[in-house]
Amino acid sequence: MIPASFDYEVAESAEHAVALLAEHGDEAKLLAGGHSLIPMMRFRLATPTVLVDVGRLDDLRYINADNGTISIGALTRHSELEHSELLARSCPMMASVAALVGDPAVRHRGTLGGTLAHSDPASDLPAAVLALGGTIVARGPSGDREIAATDFFTGYFESALADDEMIVEVRVPASDAGWNYQKFNRRAQDWAIVGVAVADAGAGVSLVNMGSTPLRASAVEAAVASGASAADAAALAAEGLQPPSDLNADADYRRHLARVFTQRALNAAGVA
Amino acid sequence: MESITLAVNGTERNLEVEPRTLLVHALRDDLRLTGTNIGCDSSSCGACTVLINGQSAKSCTMFAVQADGADITTIEGVADSDGTMHPMQQAFHEHHALQCGYCTPGMVMAAISLVEEYPDLDDQGVRHGLEGNLCRCTGYQNIVNAVLAVAGSGSKGSES
Amino acid sequence: MTMTDDPATHLDSAGHMGRPRLRREDPALLTGEAQFIDDMSLHGEIWVGIVRSTEAHATILGVDGSAALEIDGVTEVLSGADLAPLWGEGALPCAWPVTDDMRNPAHLPVATSVAKYVGDAVAVVLATSRYAAADGAAAVSVDYDPLPAVVDIEAAVADGAPLVHEDLGTNESYTWPLIPNPEAVDEAFANAAHVVSERFVQQRLIPAPMEPRGVVAAPGVASGELTLYSATQIPHILKVMTAVTLGIPEHKIRVVAPSVGGGFGCKLNVYAEEILCSALAMDRGVPVRWTESRSEAATATIQGRGQVQHIELAADDNGKVQAVRVKLLADMGAYLQLVTPGVPLLGGFLYHGCYDIAHYSFECTSVFTNKTPTDAYRGAGRPEATYAVERAMDSLAVAVGVTPEEIRSRNFIAADAFPYESCAGLIFDSGDYQTVLDKAVEMAGLDGVRATQAQRRADGSNRQIGVGFSSYVEMCGLAPSRVLASLNYGAGGWEAATVRVLPTAKVQVITGSTPHGQGHETSWSMIVADKLGIDPDDVEVLHSDTAISPTGLDTYGSRSLSVGGTAVFMATDKVLDKARLIAAHQLEANEDDLEYVDGAFQVKGTPTAAVPFAAIAFAAFTAHDLPDGMEPNLEAHVTYDPPNFTFPNGTHIAVVEVDTDTGDVDIVDYVAVDDCGNQVNPMIVEGQVHGGVLQGAAQALYEDAVYTEDGQIVTVNLGDYLVPSAAEAPAYRVASHVTPSPTNPMGVKGIGEAGTIAATPAVINAVVDALRPMGITDVAMPASPQTVWRAINEAQGGAS
């Protein structure tokens, strides 16, 4: 399968990328690692007429810690998260979840900014950022703005990013206690059928592939906060959700899995 | 068309490509390096795995223009010039880790990258490390044994 | 750790046979030097892009190529009607009209008026590049008028079902019965103490060799010759069929299979693209090529399985089975490909499994549906038969109140009963099924596993253990030509080999077998080297090019070693016979007084008077001093037609852990004990078992060609069609038991399909064993987490 033709622009900086997006309008797409976009282009499910390559913006590849906040450049690759000693110390869930994305070759190319911008509800890292209560920094023509992860995912493959904005940084709080990530799939390389991320001993709980976006399991969080057992809290995991049905799981089974894996994740995160 | 330069197996190659040209097609069709194979169109099988700046990547999921300026190693570039196979190739041979051989170039490249990236590989580490490379012939056990033999031998024979 | 009953001890071999030997095929494959079909590039080649039906059943109202023709590099857009003159009446061949009244609709390479499945070719784009061909195919617009589609095979035989082929008046292709004694079967069921009755569904599978298909057709404009390169298992059969289909004189066609990246049966065919590219190349006078994409393969390449099975066993008080009765519905898809109708028959003789059962009733009804045609996929009919009988035997064990191993022991064909005439009319060659089972039980540590299982059950654990048995026998070594004639197959089952000694005593072997991963070059060189007392590296093995190997019937049905290898073995004997005459002449001795020791003929007991093989080879070449009347050179050709099938057998045991919270199944141990007769290269045997087992286990747990009710295929790529990776694959513990086959001189049976045949029921029996205390007696394939969880949930009275 061969992608359709497009025009190719190399961005020299984030500002340049934003300017190119503004110039080309909604027919343009950013290309970072390409591991979400290129497969869709090969099947011609995506046919952008202009690709703006931000993959060479190495100044957006970093992981820094400052005052309890970890700032990660948008072009940081999954494998760099996976092997980061800073994350291993200060926010091990991000490293651990990154290590479960795709396979090693995918992790060498895929970027944190790209996976967030793609806003796939079945993706692992958005759920981790969501459970951690992270913040996404977007750059647009008029400068940077911060978007809380809880406000970022607006629909199926849709985010709060404007057409002429790009993610430049992701911030998550340092958090090294009471975390767990459960990913359930049939083959290790595949997207999660259901995933559950627990941060801060249940203060943050998020769900993968349980709706049109990555989701915070607010009922579970509230139950944990009020002292409920893991089992009782997990029983609320699918409350009010309309998960998708596909080859691997229908909606009922997904709800069931969400409860099972929320309990397992809470238990592993130290919630009894 | 875009002009790009790829350092492929140690040699600079200048190419004119359409922006949409997949790296694997640039390697196979333009440079006639046909050892890198194509087994799927969904980034699932890993037959097209090459090393980009020393790390495994699926060359069907990259545009050639993205690799402009990069060092690329394909299966043609890992044996010594005198024909002595890379330790990973030799291990695949000695452990009967291939049958039809179609997935093999990608599998070998993925394995070379894997033992470089993860120092203390065990059976499960190899299996998960190769989860993005499908083989229909071997049932994987001999592949796992071959990679473990290299991982444990200290002779990872990195391509540098 | 491998436990192997040293096969070397069973072969009369002082040299290489019976011992592991690394493959000579490997270096070219490991370094990228091997040339697969898409690696080729011919000057002036044009690319074919195929426009495929997006409808399962529709009248083609029109093909509009105007947008495609605007694209740079697109040179032509051709509809089926445009192309029809290229092949005239020549439809794609079906070589196996299993009954005289079988319905076989004309099957054109590109449909002209009605598309009958999603993926059916409806138009063709010619272009100057790979990318332009893809662009062109995407830009062609086809106007369809949808017709009702029939997708489910049971629905296809219901009254009032839409018809796949209106002109046939029915969706049934044929009914094939094998009921030697109907009254005896009825009587056995009437008198049975236990009757087991089961319905099983064999889901469709996508073969998915890692290399998709591809074709390059190169015409000789002046010579009128066609060279057809194809990723095929069957260059020889393809040559004959291309000649017959297109009317090109057969001697003007050369077919070459380059390195072929796996086949598993799906490259055992004559495909539309092969005929299309050949016809276009001859017509246009330029090379024409096509490479299949993986997504295209989901519909353009045949699929496997696709059956609904009803099996009944009648047993006495002790669980001794007296009769088996089977009714099968088999999905042909929309058309009959090369051996589509024969696949169910290959299983049709084996529904009694490896058991001594007196009475047999088998009837297959084959049905057209609006889906991709089915055909041979690893095991072809035999995995389905084995699955049915092995699942039913477990049900019988429960009914009788004995263990799965006990019910098998009570019914096995006894070791002293061989040669054994089965109730289906086959003569089984050799075996010791009980010893094989005992060995598997010991390796599995069955007592320990059952103790763990009991503990988990007592604890109410959410990780339940199950043990599954599968004892199988298969008919391989396809096939005695006269038997094929009795089954209406359109060709023979022999195989050819030439052994040619070169002047310097190096040897060329030319084989009609066509390897695509099986390592024939290594194994054949071992056979010849052993017999001639030379180094295997001095033996070259040539194959897969009809200009080099003009005679052959190719590779499928675990036939290569037992038929093709036997031909090599016998041709080497003929070379030795002639060499003996030359040696006797040179030694002025009686040929009967000579013995061949360490690569030289000597007078018995007199090593000082010896003629080395190299000297004989050179003497045969110079022809200066040969016996009167002897032709120069040392070369022999043998065409071997086997007198019988071979019957590999074995017992596999799978141990699974089921997460009862999620339905997830993990294979935690897998033991395989196989009897494939004598082994030439045990390393290759073990590799075949590993890969075969994973393919069988994949049917049990992962793979399913899923169609919607309106005939759209859902699992089009390897993201949705779950070929397992190393992370899902179990570790295998493999051992052998050897009972040489008396059918051929090497005593070999075949191993290519055994693992696939055995593994599927072993894994499902294990899953059912784990869940049986919950009242679960069946789990549909693939036993995905959702399927297993739903079975558990329903058994526990939960909502479905």
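Residues numbered from 1 in each chain as written. Chains lettered and ligands numbered in written order. Predicted model: local features only at pLDDT ≥ 70, side-chain atom pairs only at ≥ 80, totals over all residues.

*Asks:* Would you mind going over the overall build of chain A with me for this structure?
*Replies:* Broken down by element type, chain A carries twelve helices and 14 strands. Taking 19 Å as the expected radius of gyration for a compact globule of 272 residues, we find that chain A reaches 18 Å, a close match to that expectation. Taking the principal axes of the C-alpha coordinates as reference, chain A spans close to 55 × 45 × 30 Å. Expressed as a percentage of its 272 residues, the buried residues of chain A come to 60%. Taking the intrachain contacts of chain A between residues at least 6 apart in sequence as the baseline, contacts between residues at least 24 apart amount to 63%. (Helix = DSSP H or I, 4+ residues; strand = E, 2+ residues; numbered from the N terminus. Rg over C-alpha atoms; globule rule 2.2 N^0.38 Å. Buried ≥ 20, exposed ≤ 12 C-beta atoms within 10 Å, placed from the backbone. Contact = placed C-beta atoms within 7 Å.)

*Asks:* Honestly, the domain arrangement of chain A in this entry has me stumped. Any pointers?
*Replies:* In many reports, interface size means the accessible area that the parts give up when they come together. Residue and element names in this part refer to chain A. As far as domains go, chain A holds domain 1 (7–53), domain 2 (58–173) and domain 3 (182–268). The gap between the C-alpha centroids of domain 2 and domain 3 is 20 Å. The partner domain 3 presents 19 residues to the 21 residues of domain 2 that form the contact. Breaking the side of domain 2 that touches domain 3 down by element, the ones donating at least two residues are helix H5 (92–98), helix H8 (124–131) and strand E8 (153–155). A per-element tally of the side of domain 2 that touches domain 3 places H8 first, with six residues. Looking at the side of domain 2 that touches domain 3 residue by residue, the classes come out as 13 nonpolar, six polar and two charged. (Domains from an automatic or database assignment. Nonpolar A, V, L, I, M, F, W, Y, C, P; charged D, E, K, R; others polar.)

*Asks:* Mind showing me how you'd approach the sheet that holds strand E27 (residues 664–675) of chain C here?
*Replies:* Backbone-to-backbone hydrogen bonds join strands into a sheet, with any given pair of strands oriented parallel or antiparallel. Residues and elements named next belong to chain C. Reading across from one edge, E18-E26-E27-E28 is the order of the four strands in this open sheet, with mixed pairing throughout. A single partner strand is all that each edge strand has here, and the edge strands are strand E18 (463–473) and strand E28 (733–736). Averaged over all neighbouring strand pairs, the angle between strand axes comes to 15 degrees, with direction disregarded. For E18 and strand E26 (residues 649–659), the ladder comprises eleven bridges, and the chain directions are antiparallel. Counted as the bridge partner of Gln464 is Val658 from E26. (Pairing = 2+ DSSP bridges. Axes fitted to C-alpha atoms, helices over the stretch in contact; angles between N-to-C directions.)

*Asks:* Just to check I follow, could you spell out the nonpolar core for this structure?
*Replies:* One finds Ala128(A), Val124(C), Val125(C), Val763(C) and Val767(C) to be the most contacted residues of the largest nonpolar core, which totals 419 residues. With twelve residues, the single largest contributor to this core is helix H20 (residues 754–771) of chain C. If sequence neighbours within four positions are ignored, Val124(C) has contacts with Val48(C), Ile50(C), Val51(C), Leu78(C), Leu83(C), Val110(C) and Leu276(C). (Core = buried A, V, L, I, M, F, W, Y, C linked by C-beta atoms within 7 Å.)

*Asks:* Just to check I follow, could you spell out the domain arrangement of chain C for this structure?
*Replies:* Residue and element names in this part refer to chain C. Domain annotation for chain C reports domain 1 (37–147 + 213–291), domain 2 (304–478 + 644–795) and domain 3 (494–640). A separation of 41 Å is found between the C-alpha centroids of domain 1 and domain 3. Of the residues lining the interface, 16 residues belong to domain 1; the matching set on domain 3 comes to 13 residues. Secondary structure elements with two or more residues in the side of domain 1 that touches domain 3: helix H7 (235–246) and strand E11 (253–256). Here the element with the most residues in the side of domain 1 that touches domain 3 is H7; it accounts for four residues. For the side of domain 1 that touches domain 3, the per-class residue count stands at eight nonpolar, five polar and three charged.

*Asks:* Sorry if this is basic, but what is going on with the environment of Trp87(C) here?
*Replies:* Residues and elements named next belong to chain C. Secondary-structure assignment places Trp87 in helix H3 (residues 80–87). We classify Trp87 as buried; it has 20 C-beta atoms within 10 Å. Each C-alpha atom of the pair Trp87 and Asp64 lies 22 Å from the other, and the pair is 23 residues apart in sequence. If near-sequence neighbours (up to four positions away) are discounted, Trp87 is found in contact with Leu108, Pro109, Thr245, Leu246, Ile275 and Ala279.

*Asks:* Could you clarify how one ought to interpret the interface of chain C and chain A in this entry?
*Replies:* Counting from both sides, the interface comprises 20 residues of chain C and, opposite them, 14 residues of chain A. Mapped onto the side of chain C that touches chain A, the elements with two or more residues apiece are helix H4 (130–139) and helix H21 (785–795) of chain C. Taken together, the residues of the side of chain C that touches chain A sort by class into eleven nonpolar, six polar and three charged.

*Asks:* Is there a simple way to explain the interface of chain B and chain C in this structure?
*Replies:* With 45 residues of chain B in contact, the opposing surface of chain C contributes 41 residues. Elements represented by at least two residues in the side of chain B that touches chain C include exactly helix H2 (87–94), helix H3 (104–117), helix H4 (123–129) and helix H5 (141–153) of chain B. Classifying every residue of the side of chain B that touches chain C gives 20 nonpolar, 18 polar and seven charged.

*Asks:* Which parts of the structure should I look at to understand the sheet that holds strand E2 (residues 28–31) of chain A?
*Replies:* All names here are of chain A. The three strands are arranged E1-E3-E2 in an open sheet whose pairing can be described as parallel. Only two strands of the sheet have a single partner each, and these edge strands are strand E1 (7–10) and E2. Strand-to-strand, the axes of this sheet are offset by a mean angle of 25 degrees, without reference to chain direction. Sheet topology note: the E2/strand E3 (residues 50–53) ladder contains four bridges and is parallel. Counterpart to Leu31 in the pairing with E3 is Asp53.

*Asks:* It is not clear to me how the packing of helix H12 (residues 404–411) of chain C against helix H13 (residues 433–444) of chain C should be interpreted in this structure. Could you clarify?
*Replies:* For any two helices packed against each other, one specifies the crossing angle of their axes together with the interaxial distance. Residue and element names in this part refer to chain C. With their axes 10 Å apart at the nearest point, H12 and H13 run at an angle of 165 degrees to one another. Between H12 and H13, the angle falls in the class roughly antiparallel. Regarding H12 and H13, the two cross each other, and that crossing is left-handed. Between H12, through Glu405, Arg408 and Ser409, and H13, the contact on the second element is made entirely by Gln434, Leu437 and Val441. (Parallel < 35°, antiparallel > 145°, perpendicular 65-115°, else oblique. Left-handed = near helix turned anticlockwise from the far one by under 90°.)

*Asks:* So what exactly am I meant to see when it comes to the pairing of strand E12 (residues 194–199) of chain A here?
*Replies:* Regular strands place side chains that alternate from one sheet face to the opposite one. Residues and elements named next belong to chain A. In terms of residue burial, E12 counts as a mostly covered element, since six of its six residues are buried. Judged from the five bridges that link them, strand E11 (residues 180–184) and E12 form a sheet pairing that is antiparallel. Bridged to Lys183 within E12 is Gly195. Strand direction decides the pairing type here: E12 and strand E13 (residues 204–208), joined by five bridges, are antiparallel. Within E13, the position partnered with Val196 by the bridge is Leu207.

*Asks:* Would you explain H21(C) in this entry?
*Replies:* Taken together, the buried positions of H21(C) are occupied by Pro785(C), Gln786(C), Val788(C), Trp789(C), Arg790(C), Ala791(C) and Ile792(C). Packing partners of the buried residues in H21(C) comprise helix H12 (251–268) of chain A together with E26, E27 and H20 of chain C. After H21(C) finishes, the residue Gly797(C) shows a positive phi value of roughly 85 degrees.

*Asks:* Explanation requested: unusual backbone geometry in the structure shown.
*Replies:* A negative phi angle is the norm for most residues apart from glycine, just as the trans form is the norm for most peptide bonds. Following Phe418(C), the chain continues to Pro419(C) via a peptide bond in cis, the omega torsion being -5 degrees. Relative to the helices and strands, Pro419(C) resides in the loop between H12 and strand E16 (420–421). Even without being a glycine, Ser43(B) presents a positive backbone phi close to 60 degrees. By the secondary structure assignment, Ser43(B) is in the loop between helix H1 (23–30) and strand E3 (49–52). With a phi angle near 40 degrees, Ala380(C) is a residue other than glycine that sits in the positive phi range. Relative to the elements of secondary structure, Ala380(C) occurs in the loop between strand E15 (359–368) and helix H11 (382–400).

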